[in-house]
Amino acid sequence: MKREIKSLAIIFMTILSAFPALGSDDDVSKETVTVTDLAGRMVSLDLPVESVVITFNFEEYLAVEGGDDPFERITGWTRNYWDGRRQWTWEKYTAAFPDIEDIPDVGYIHKGTFSTEKVLSLKPDVVIMCVVDYEAATDDVKKLEEGGVPVVCVDYHAETFESHSQSTMLLGTVLGREVRAQELVDFYQEQVEVVTSRLENLEDPKPTVYVEVGDKGPSEYSNTYGKDFMWGALVDQCGGINIADDVVETSAPINPEYLLIQNPDVIIITGSYWPSYNDSMRLGYYAEPAESKLRLESFTERPGWENLKAVRDGRVYAIHHSLSRHIYDFVALQYMAKCLHPEEFEDLDPEERFEEFHQRFLPVEYSGVWMTGL
Amino acid sequence: MEREVQRVYREITGRKLAYLSVIAGVLIVATLIDVLTGPAWLSIREVVWAILSPATSDPTVGVIVWIIRLPVALMAIVVGAALGVAGAEMQTILGNPLASPYTLGVSAAAGFGAALAVVLGVGVIPHAEEFLVPMNAFIFSLISCLAIYFIARGRQAQKETIVLAGIAILFLFHSLLALLQYLATEDQLQAVVFWLFGSLMKATWTKLFIVSAVLFVVTPLFSRDAWKLTALRLGDEKARSLGIDVERLRLKAFIGVSILTATAVCFVGTIGFVGLVAPHISRMLVGEDQRYFLPLSALSGALLLSAASVGSKLIVPGTVFPIGIVTSFVGVPFFFSLILTRKGGYW
């Protein structure tokens, strides 16, 4: 049976190759390859793939895919990954590629709207998910596999160099873009090592740091992060002491008075486009420098903050919230390192590196504000 | 004989007064502990100094005591008292031990109102999250009460009608809330969920003043009707035979309860449990006589929330555990111990 399908596929592909306009690659015959994905699963794929459904990590996909229309092979996706979740990024991409408005939506796994039936009806060659998606949708994945659609998982949430590079190389294999994937991994490695190599020999005393998600604005204390989790882990990695290490497990707001009494050296507020709170920290593709600064300043006007060391020394910074858990998290790493050890990393320009990343790997141009100080 | 009766009466009322003073005493202690606890572990001297002489104390200590701790501690008292009173009168006028602002959908309506404000429009109006969300929560809890009120009035204010209408309202607003959560974006959803957890941390002196004002206006209205409300517990017919306009009394009390609940809930989110349990604690201790039942419900509500406020700061020191979760943790064991040690009926 399998062989029949395969030979059918070959026949089909041969027919396709008779129409050069339809088959874009030179080598059109399919080859079955077994890959191990980041969830540790062995997946058999017929390469090259021609149609993809993707539920997460779109930027990584686009960076590896490259070309004039990196959306070409996407036949379905989780629209909510951008639309309604990271609105400005969605607007940036739809401005550059208006057609992506028409890419069919397969639903968002974490909202329970993911439709396996929709995915199957799109008949993709592969579904690309992140491990977090997979863990939340193992039953759905089983159904997809029974329907003959292989699922491959990448993992940028683990935030280790290994998982980032393995995920990127896996995308390279699946998309047949190994060279580009290697370029991306090399670039990433270089950007990360600038920081890690210097941190090893750093003699500076470690500054104490408080990170808060700026989604609720100054009027309300929002989440901060614990040891080993997202921004909390990044503080540690950048040679700082996270004041919430011992009090927050993963993410939770802290008692304002705990912050006042800890009196950190550095405060970092994360920003994005969060319209549900009017005075939330605003950063991203369409952020204005002056406005972002003003919004950051308003955080320092919280009761009691005027006496904080970080505020008096002007060491309050903002950084884009979505710069973690992605291949471009090196930007956050560099900026955080710079905020924590300004002298040691004076020559570093993370903004410029992010711009370079856009030029080399992303289909849209860099714009707006992604990090700022007072 | 006459003297004997008087002696027994004095003994009973004396015992009730004793309960009142004991709970009031414990409440004062709990409030002091509430003001003294926090991750900064200020000494008693520092706290007292900051309260008595704010100008000369350390500025950080001043902010901690005056802006962070005091509004929260006092808010716990007034909101707890308001919910206690509202629950007590709801159970009284409906003759139903399960009645509370939570079970009759008032909290659910408030939650929906808050979520609606978050999803539809807080972002457009400056400083909206501070007042638009509570305003909307307030408006929707009043709408739900009005709906129940008019349904009830159409049916001669029968108890059963009010209870059933309330439960229907509860389900309606739960569905509407779920619908909003489904439609909300990620950051809106976060905001809504946290609102629903309930939090005293958003307390400010202005909000505290508003809730206190409503509490001190509405509660005396109930105590003016204390005898009538007590008689209502004998049943509608007996109350009527004593010359009470049952329908009017019930609707009047219902309006008071609605305003009280709406004000309390709109600033702190859904803290449901207090309104149900505080009246039961009070009833077990002093019975149905509103002269004691009403103030004791207020005091036990305040005590429950005050204790929960301390708990929310101690569970994970440094963070603030959502108060809505803690109230149940604090209240349920206490409630069970009362049920198990009590000999007679609870109702």
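The rules behind the values
Counting restarts for each chain: residues are numbered from 1 in the order of the written sequence. Working convention: letters from A go to chains and numbers from 1 go to ligands, in the order in which they are written. Owing to the predicted nature of the model, reporting of local features is limited to residues with pLDDT of at least 70; listing and counting of side-chain atom pairs is limited to 80 or more, with chain, interface and lining totals taken over all residues. The side-chain numbers reported here are obtained from all heavy atoms of the structure, hydrogens and water having been left aside. Helix and strand definitions here come from DSSP, where helices need a minimum of 4 consecutive H or I residues and strands a minimum of 2 consecutive E residues; each element is numbered from the N-terminal end. Note that the radius of gyration is over C-alpha atoms, with the globule rule given as 2.2 Å times the number of residues to the power 0.38. Only protein chains enter the accessibility calculation, which uses a 1.4 Å probe; a residue whose area is less than 20% of its type maximum is buried, one above 50% is exposed, and one in between is partly exposed. Whether two residues are in contact is decided by their heavy atoms: any pair within 4.5 Å suffices. In this description, accessible areas are obtained by the Shrake-Rupley approach with a 1.4 Å probe, and a residue is regarded as covered only by the protein chains that are shown. Here the positive residues are Lys and Arg and the negative ones are Asp and Glu; neither His nor the chain ends is included. Taken as the charge centre is NZ of Lys, CZ of Arg, CG of Asp or CD of Glu, depending on the residue. Salt bridge criterion: a side-chain nitrogen from Lys or Arg within 4 Å of a carboxyl oxygen from Asp or Glu. For each domain, the first and last residues come from an automatic or database assignment. For any pair of parts, buried area is found by adding up, for both, the accessible area (1.4 Å probe) each one loses once the two are put together. Here a polar contact means two N or O atoms within 3.5 Å. Within protein one must be a hydrogen donor candidate and the other an acceptor candidate, and residues neighboring in sequence count only if both atoms are side-chain atoms. Only Asp, Glu, Lys and Arg are considered charged, only Ala, Val, Leu, Ile, Met, Phe, Trp, Tyr, Cys and Pro nonpolar, and every remaining residue, Gly among them, polar. Helix span, as expected, comes to 1.5 Å for every residue beyond the first. Patches here: salt-bridge-free residues with over 30% relative accessible area, like charges joined within 9 Å, nonpolar side chains (Val, Leu, Ile, Met, Phe, Trp, Tyr) joined within 5 Å. Every residue carries a pLDDT, the predictor's confidence in it, which falls somewhere between 0 and 100. The definition of a nonpolar core used throughout is a set of buried Ala, Val, Leu, Ile, Met, Phe, Trp, Tyr and Cys residues joined through side-chain atoms within 4.5 Å.

Considering the overall build of chain B
- Of regular secondary structure, chain B possesses 14 helices and zero strands.
- Reading the secondary structure of chain B in the N-to-C direction produces α-α-α-α-α-α-α-α-α-α-α-α-α-α.
- By the compact-globule yardstick of 20 Å for 347 residues, chain B fits well, its C-alpha radius of gyration being 21 Å.
- Overall size of chain B, expressed as C-alpha extent along the three principal axes, is 65 × 50 × 35 Å.
- The buried share of chain B, taken over its 347 residues, is 55%.
- Sequence separation of at least 24 residues holds for 74% of the intrachain contacts in chain B that already meet a minimum separation of 6.
- Carbon and sulfur atoms make up 71% of the accessible area of chain B, which totals about 15,300 Å².
- Computed over 25 positive and 19 negative side-chain charges, the inter-centroid distance for chain B is 8 Å.

Re the side chain of Glu220(A)
- Position of Glu220(A) relative to the elements: it lies in the loop between strand E7 (208-213) and strand E8 (223-225).
- Lys202(B) is the oppositely charged side chain nearest to the buried, salt-bridge-free Glu220(A), at an N-O distance of 4.4 Å.
- Non-local contacts of Glu220(A), meaning those with residues more than four positions away in its chain, are made with Glu212(A), Tyr277(A), Arg302(A) and Lys202(B).

Points about the domain arrangement of chain A
Residues and elements named next belong to chain A.
- For chain A, the assigned domains are domain 1 (8-192) and domain 2 (207-373).
- Once you take the C-alpha centre of each, domain 1 and domain 2 turn out to be 30 Å apart.
- The partner domain 2 presents 28 residues to the 29 residues of domain 1 that form the contact.
- In total, about 2,800 Å² of surface goes out of reach between domain 1 and domain 2, with carbon and sulfur atoms giving 65% of it.
- For the pair domain 1 and domain 2, the number of links is zero salt bridges.
- Linking domain 1 to domain 2 there are 14 residue pairs in polar contact (both at pLDDT 80 or more).
- When contributions to the side of domain 1 that touches domain 2 are tallied by element, the ones reaching two or more residues are helix H2 (58-65), helix H3 (87-96), helix H7 (161-175) and helix H8 (178-200).
- Its residues assigned to classes, the side of domain 1 that touches domain 2 shows 14 nonpolar, seven polar and eight charged.

Overview of helix H13 (residues 290-314) of chain B
- With 25 residues, H13(B) extends 35 Å between its outermost C-alpha atoms, agreeing within 8% with the 36 Å of an ideal straight helix rising 1.5 Å per residue.
- Among the 25 residues that make up H13(B), 20 are buried, leaving the element largely enclosed by the rest of the structure.

Brief notes about a negative patch on the surface
- Residues Asp68(A), Asp69(A), Glu72(A), Asp99(A) and Asp102(A) make up a contiguous surface patch of negative charge.
- Judged by relative accessible area, Asp69(A) falls into the partly exposed class, the value being 38%.

Things to note about the interface of chain B and chain A
- Contact residues are listed per partner, giving 38 residues for chain B and 29 residues for chain A.
- Summed over both sides, the interface of chain B with chain A buries roughly 2,700 Å², with 58% coming from carbon and sulfur.
- Linking chain B with chain A are one salt bridge, by the criterion used here.
- Ionic pairing is found between Arg69(B) and Glu257(A), a salt bridge with its closest N-O pair at 2.4 Å.

Observations regarding the confidence of the model for chain A
- Per-residue confidence for chain A gives a mean pLDDT of 90, with 93% of residues at or over 70.
- When the criterion is pLDDT under 50, residues 8-26 of chain A qualifies, and its contacts beyond four places in sequence or with other chains add up to seven contacts.

Topic: the nonpolar core
Residues and elements named next belong to chain B.
- Of all hydrophobic cores here, the largest spans 92 residues; its most connected members are Met75, Val79, Met90, Leu94, Phe222, Phe254 and Leu260.
- Here this core takes 14 residues from helix H3 (residues 59-94), the largest share from any one element.
- Leaving out residues up to four positions away in the same chain, Phe254 has contacts with Met90, Ile93, Cys145, Ile148, Tyr149 and Ile162.

Section: the confidence of the model for chain B
- The predicted model of chain B has a mean per-residue pLDDT of 86, with 95% of residues at 70 or higher.
- Quick note on the complex model: pTM equals 0.83, ipTM equals 0.77.

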